[in-house]
There are 2 protein chains.
Amino acid sequence: MKILFYAPEGRPEPWLSELQSHLPDAQLRVWHEGDQEPADYAVVWHPPLALLNHPGLKTVFNLGAGVDAILRHGEQLPAGLDIVRLDDAGMGDQMAEYVSWAVLGYFRRMPDFARQQQQAQWRFLKPNDKRQFPVGILGMGVLGQRIAASLSHFGFQVNGWSRSAKSVPGVTSFVGDEQLDAFLGASRALVCILPLTPATEGILNRANLEKLPAGSYVINVARGQHVDEDALLALVQNGHIAGATLDVFRTEPLPPGHPFWSEPRITVTPHIAAVTLRQVSLEQIAGKIRKLENGEPIAGLVDRTKGY
Amino acid sequence: MKILFYAPEGRPEPWLSELQSHLPDAQLRVWHEGDQEPADYAVVWHPPLALLNHPGLKTVFNLGAGVDAILRHGEQLPAGLDIVRLDDAGMGDQMAEYVSWAVLGYFRRMPDFARQQQQAQWRFLKPNDKRQFPVGILGMGVLGQRIAASLSHFGFQVNGWSRSAKSVPGVTSFVGDEQLDAFLGASRALVCILPLTPATEGILNRANLEKLPAGSYVINVARGQHVDEDALLALVQNGHIAGATLDVFRTEPLPPGHPFWSEPRITVTPHIAAVTLRQVSLEQIAGKIRKLENGEPIAGLVDRTKGY
């Protein structure tokens, strides 16, 4: 079989040799604009449309969980092309670490203690009560469920919101548009791990952010396009939202003059909450290619109507 | 039975009524200097020596896990007095939250990202590898074991050091003075949750801190007297120790001019890692008093020769 590789950042070499080690018989090559020799599969990150229309291409494997950079090509995508996302592949653990760090820090008032340290001020602050600190997770796929497990480990009450009902141990499920307001109103800390689709773009707009309880916290590890950044900034500055930890932004890299950089109640990280781990990701993709070659079904096939 | 209450900080009232609700037949009173009416038990925090020598006193219950403030009276303590420490009583969960927050933050390089944010700098930083980030816990009693469980949940390799061998699932046990060097040399993050005794006072001196791998982190949630503060500061400033999170200090409140306040690689919190929870603590103490009244054995009796 023939496999194309494309990723705009970093050196392709270690990826190709790692994939080759799992599929010794495959013919691998880096895709370039103008390449017309037919191929069966492609392993990609942020692919141009031409690659997705490559002759012979049956299945494209995305080197991440979010496939919005592929689906944004919309109607121009070939109808018969199968799109496969990464299932977890080590990202769940990383997301759980990042989100647990942020939630524990807010729950234990670490930003308040940091402000006191700046003033050399030794002062006891009333601890938060866990019964009054429910955490809401927007998006209860594989990654959302992994995050929920870590928050449950610490005894947080966890609510999950998703498009379809999910039965996850220890998590109260909220479903669809009609339960979104109730979910938001019960989220002292809100974690966004949704796929980016036309239905979720801008979901954290001013109206929805205002439904959070006063003094709540926002953690976004999904996509910058989920958030109305001006509204979030205004609500942080007027105190309705007590703090935000953001790993993703509408424009990345976040521009040097962006007000998020200097807002003390906003923590900015450079899209590092979960990185694609080469070994585990390529092992997973190679396994799926072998299954497809044997005519077996695979997990992670994207439903284009849902957008994930 | 007659029970004395003494705590130098805060209002005694809610404590007395809570304890009374568990022991309706008990005669409770706040102890004052000069009180000579015999009593059976005392519930105390930082008691003066006169209270510990109170007429008739059989057992003193400490409102905390660390009994160093009682044992410091040494030979002047009445020989027959039983001293009982709190067993966990909600402190384990709090310690696990605090330490997990600190360890996850260091592991995920959050202080480095915070420094980048101050410069409006968007830059990927190479993630730490969990296989090269073992965490060492000094002190594997109830609280150390609870911390270990949370770190294990996140997949950290956890080593525990204690005076006697402990068999804790997922934790590699190091025992006694002869294994301390090996333990320290393997601790990329070091957590101190030891009791303060003559044997542990100053254990984090310069010689021992230098045995940590270069670029390691120190988290102290035990007592300030475990640490040589000058040595720790010097090793943070010369880079051998990459950061420290300290909840306890040799002098508390930490004096306004203390260099820890302004060292950017040191996080200072005002002895809040685990607060004594009134309800659960008094429920536990009341349960032990009932057992003693029935002639049954209780947990948490302090061994004066060990110091905890």
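Residues numbered from 1 in each chain as written. Chains lettered and ligands numbered in written order. Predicted model: local features only at pLDDT ≥ 70, side-chain atom pairs only at ≥ 80, totals over all residues. Heavy atoms only, no water.

Residues and elements named next belong to chain A. Taken together, seven strands build an open sheet; the order of strands is E8-E7-E6-E9-E10-E11-E12 and the sheet is parallel. The open sheet is flanked by strand E8 (171-175) and strand E12 (266-268), the only strands paired with a single partner. Taking each pair of neighbouring strands and ignoring which way they run, the sheet shows an average axis angle of 15°. Of the strands in this sheet, strand E10 (216-220), strand E11 (241-246) and E12 are in contact with helix H9 (residues 229-237), which crosses E11 at around 135°. (Pairing = 2+ DSSP bridges. Helix = DSSP H or I, 4+ residues; strand = E, 2+ residues; numbered from the N terminus. Axes fitted to C-alpha atoms, helices over the stretch in contact; angles between N-to-C directions. Contact = heavy atoms within 4.5 Å.)

Before going further, it helps to examine the pairing of strand E3 (residues 41-44) of chain A. All names here are of chain A. What you see with E3 is no split at all: Tyr41 and Val43 on one side and Ala42 and Val44 on the other are buried throughout. Inspection of the sheet shows strand E1 (residues 2-6) paired to E3 by four bridges, in the parallel sense. Each residue of the ladder has a partner; that of Ile3, found in E3, is Tyr41. (Buried < 20%, exposed > 50% of the residue type's maximum accessible area, 1.4 Å probe, protein only.)

All right, on to the packing of aromatic side chains then. According to the stated counting rule, one finds 23 aromatic pairs over all chains in the structure shown. Each ring, one from A:Phe133 and one from A:Phe156, has its centre 6.2 Å from the other, and the planes form 50°; the classification is tilted. Of the two residues, A:Phe133 sits in the loop between helix H5 (110-118) and strand E6 (135-138) while A:Phe156 sits in the loop between helix H6 (142-153) and strand E7 (158-162), which places them 23 residues apart along the sequence. Since its relative accessible area comes to 0%, A:Phe133 is described here as buried. Ring plane angle 50° and centroid distance 6.2 Å describe the contact between B:Tyr41 and B:Phe61, whose orientation is recorded as tilted. Of this pair, B:Tyr41 sits in strand E3 (residues 41-44) while B:Phe61 sits in strand E4 (residues 59-62), and the two are 20 residues apart along the sequence. Taking the ring centre of A:Trp15 as reference, the NZ or CZ of A:Arg278 above it sits at 5.9 Å. (Phe/Tyr/Trp six-rings, centres within 6.5 Å; stacked < 30°, edge-to-face > 60°. Lys NZ or Arg CZ within 6 Å of the ring centre and 35° of its normal.)

On the side of chain B, 45 residues touch chain A, which itself brings 45 residues to the contact. For the pair chain A and chain B, the summed buried surface comes to about 3,700 Å²; carbon and sulfur atoms form 68% of the total. Broken down residue by residue, the surface that chain A buries against chain B is led by A:Trp101, A:Gln117 and A:Trp122, which jointly contribute 23%. Seen at the junction of chain A and chain B, the total is four salt bridges. One salt bridge in this structure joins A:Glu97 and B:Arg108, with 3.1 Å as the shortest N-O distance. There are 20 residue pairs in polar contact (both at pLDDT 80 or more) connecting chain A and chain B. (Buried area = accessible area lost by both parts, 1.4 Å probe. Salt bridge = Lys/Arg side-chain N within 4 Å of Asp/Glu carboxyl O. Polar contact = N/O pair within 3.5 Å; in protein donor to acceptor, adjacent residues only side chain to side chain.)

Once chain A has been moved 0.0 Å along the axis and rotated by 180°, it coincides with chain B to within an RMSD of 0.0 Å. As the rotation angle and translation indicate, the two copies are arranged about a two-fold axis. The position closest to the rotation axis in chain A is occupied by the C-alpha of A:Trp101, lying 2.6 Å away. Mapped onto chain B, 100% of the interface residues of chain A are again interface residues, and the two copies thus contact each other with one and the same surface. (Least-squares fit on C-alpha atoms with pLDDT ≥ 70 in both.)

Looking now at the pairing of strand E7 (residues 158-162) of chain B. Residues and elements named next belong to chain B. Here E7 lies mainly inside the structure; five of its five residues are buried. Burial along E7 is two-sided: Val158, Gly160 and Ser162 and Asn159 and Trp161, pointing in opposite directions, are all buried. The sheet contact formed by strand E6 (residues 135-138) and E7 spans four bridges and is parallel. When the bridges of E7 are listed, Val135 appears paired with Val158. After leaving E6, the chain enters helix H6 (residues 142-153) and then returns to the sheet as E7, a path that is right-handed. The sheet contact formed by E7 and strand E8 (residues 171-175) spans five bridges and is parallel. Within E8, the residue paired with Trp161 across the bridge is Phe174. (Right-handed = clockwise from strand over helix to strand, strands pointing away.)

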